[in-house]
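A structural walkthrough
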Amino acid sequence: MWKNKNVWIILTGELVAGLGLWFGIIGNLEFLQQHVPSDFLKSLILFIGLLAGVLVGPLAGKVCDRYSKKTVLLYSGFLRMISVTFMLLALHFSSISWMLAFAVTFQISAAFYFPALQATIPLIVEEGELLAMNGIHMNVSTISRIVGTALGGMLLALVSLRSLYIASFIAYVILFGVTFFLNVPNEHTNESNQRPKMRFTEMIPLLKKYPLVKIALLLTLIPMLFLGGFNLIVMSISDLHHDPAVKGLLYTTEGIAFMIGAFAVKRMAVGQRKLLYVFALLIAISQGLLYFSEIKLAALASFALFGFSVGCFFPITATIFQTTIPKEYHGRFFSLKNMLDRVLFQIVLLGTGFFLDVVGLEMMVVLFSSLSLLLIVYFFMRETKESVSLQRHDSSIG
């Protein structure tokens, strides 16, 4: 795998893009803290951008399946560069409107970029290497997050917000240049091979054929309850301790734990279905630990447990999706998953902002942790019941 030029291009692009992304996120949080006092209004602003990404999701899926993955990556990368210029205008005019323009264009770019990237990975590595590749890819993403947040925080203390976004823009330019060298084999995308009708709705009956994919999709709800309001939770804990440095500690702790999890999951011999439930349970426990977030060590322990759990959880789900769903449906499937993630992300984001304003962090995490545990129990009992029903049906036929 390490001799594969495409692997190095994907990983290098992920590292550079991640730095640009986290420079931008650090800048966004600072901009929002300066101009928007309410947590709910902050979440509403972020919600609008995510909504735009959801609306273009069906188109993105069809485009990813019909055209060259490399072409989709290049166009979406170019749109990402344009989006940063809107944020520079937002800074210049101190304008929330320009920030909304940035959020909308950036999320539209992401709606095309991430399904194309996920559909590209199974085309450039062997099936037996997919779990390792997914783990390494997510580790590189986490490294870029750790370095990006640390560097972003340092730059924010030394230079202006404008300089931070210029650094983000330069990273996206490098990503755009690196993508040109990508060579995706086994793609049949010329006019004679393009299918004229590629309905996005074909995905719904397809999912019924693959129970493990359905389980993985449903259990993804659990980490999303934490991830949806992740940045708001980090800001809330930072305010609770009256210490801006806590933000960096939380991001770093979660990121290092994530990398350990993504490395360790390759050595776990237990079945994928059992592992999904185990790590979903650990994620629910990590949410509950935030009830003690007034104790700095407890907050760090919660983020460490969460990071390790999702570091194991996400490579498993990605591998299940890539190996189970036929390749000709990958673009639409990953676009559908992206849409579902974004819709849930929006709901959790708004809910997190609302609950932080109304009931506070401690009660909110108790509610989220309890909901996660209820979902795990419900999905497990439902799956067990369906399995028993199928066995009885099979035995009666025999």
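Residues numbered from 1 in each chain as written. Predicted model: local features only at pLDDT ≥ 70, side-chain atom pairs only at ≥ 80, totals over all residues. Heavy atoms only, no water.

**A closer look at the overall build of the protein**
Rules: Note on conventions: DSSP H or I runs of at least 4 residues are helices, E runs of at least 2 residues are strands, and numbering of each starts at the N terminus. Buried means the residue's accessible area, taken with a 1.4 Å probe over protein chains only, is under 20% of the maximum for its type, while exposed means over 50%, and partly exposed covers the values in between. For this analysis, residues touch if any pair of their heavy atoms sits within 4.5 Å. Throughout, the Shrake-Rupley method with a 1.4 Å probe supplies accessible areas, and for residues the shown protein chains are the sole cover considered. Only four residue types enter the charge count, namely Lys and Arg as positive and Asp and Glu as negative; His and the chain termini do not. Positions of charges follow a simple convention, taking NZ of Lys, CZ of Arg, CG of Asp or CD of Glu.
Looking only at helices and strands, the protein has 16 helices and zero strands in total. When the 398 residues of the protein are sorted by exposure, 53% land in the buried category. Within the protein, contacts between residues separated by at least 24 positions form 86% of all contacts whose residues are at least 6 apart in sequence. Accessible area of the protein: about 17,900 Å², with a carbon and sulfur share of 68%. Computed over 29 positive and 21 negative side-chain charges, the inter-centroid distance for the protein is 7 Å.

**Observations concerning the nonpolar core**
What counts here: Think of a nonpolar core as a cluster: buried Ala, Val, Leu, Ile, Met, Phe, Trp, Tyr and Cys residues, connected wherever their side-chain atoms sit within 4.5 Å.
Membership of the largest hydrophobic core comes to 65 residues, with the highest contact counts inside it found for Ile237 and Phe303. Broken down by element, the residue count for this core peaks at twelve residues, all from helix H14 (residues 296-324). Once residues within four sequence positions are removed from consideration, Phe303 is found in contact with Phe226, Phe230, Ile233, Val234, Ile237, Leu250, Glu254 and Leu290. Formed by 28 residues, the second largest nonpolar core is a distinct cluster that contains Val63, Cys64, Leu73 and Leu175.

**Remarks on the confidence of the model for the protein**
Test applied: Each residue carries a pLDDT value, the predictor's own confidence for that position, ranging from 0 to 100.
Chain-level statistics for the protein give a pLDDT mean of 80 and a share of 91% at 70 or above. The lowest-confidence element of the protein is helix H8 (residues 203-207), averaging 70 in pLDDT; the highest-confidence one is helix H4 (residues 69-93), averaging 90. In the predicted structure, residues 189-196 sits below a pLDDT of 50 and forms eleven contacts with residues beyond four places in sequence or in another chain. A low-confidence stretch, residues 393-398 stays under pLDDT 50, and its non-local contacts, those more than four residues away or across chains, total zero contacts.

**Focus on the environment of Met99**
Relative to the helices and strands, Met99 is located in helix H5 (residues 96-124). On the basis of relative accessibility, which here comes to 2%, the residue Met99 falls in the buried class. For the pair formed by Met99 and Ile45, sequence separation is 54 residues and the distance between their alpha carbons is 8.6 Å. Discounting residues that sit within four places of it in the chain, Met99 has contacts with Asn28, Phe31, Leu32, Ile45, Met87 and Ala90.

**Side note on unusual backbone geometry**
Of note in the backbone geometry, Ser94 takes a positive phi value of approximately 50° without being a glycine. Mapping Ser94 onto the fold places it in the loop between H4 and H5. On the basis of relative accessibility, which here comes to 45%, the residue Ser94 falls in the partly exposed class.

**Details of the side chain of Thr352**
Tracing the backbone through its elements, the reader meets Thr352 in helix H15 (residues 330-358). A relative accessible area of 0% places Thr352 in the buried class. When neighbours within four sequence positions are excluded, Thr352 is seen to be in contact with Gly229, Leu232, Ile233, Met364 and Phe368.

**Considerations on the side chain of Ser293**
Position of Ser293 among the secondary structure elements: in the loop between helix H13 (272-289) and H14. What makes Ser293 buried here is its relative accessible area of 0%. Look past the residues within four positions of Ser293 in its chain and what remains in contact with it is Ile237, Leu240, His241, Ala299, Leu361 and Glu362.

**Section: a nonpolar patch on the surface**
Quick note on the threshold: In this scheme, patches are assembled from residues that exceed 30% relative accessible area and form no salt bridge. Like charges are connected within 9 Å, while nonpolar side chains (Val, Leu, Ile, Met, Phe, Trp, Tyr) are connected within 5 Å. Definition used for salt bridges: Asp or Glu carboxyl oxygen within 4 Å of a side-chain nitrogen of Lys or Arg.
Taken together, the side chains of Phe40, Leu41, Leu44, Phe354, Val358, Val359, Met363 and Leu367 define a hydrophobic patch exposed on the protein surface, amounting to about 670 Å² of accessible area. Elements supplying a minimum of two residues to the nonpolar patch: helix H2 (39-55), H15 and helix H16 (361-397).

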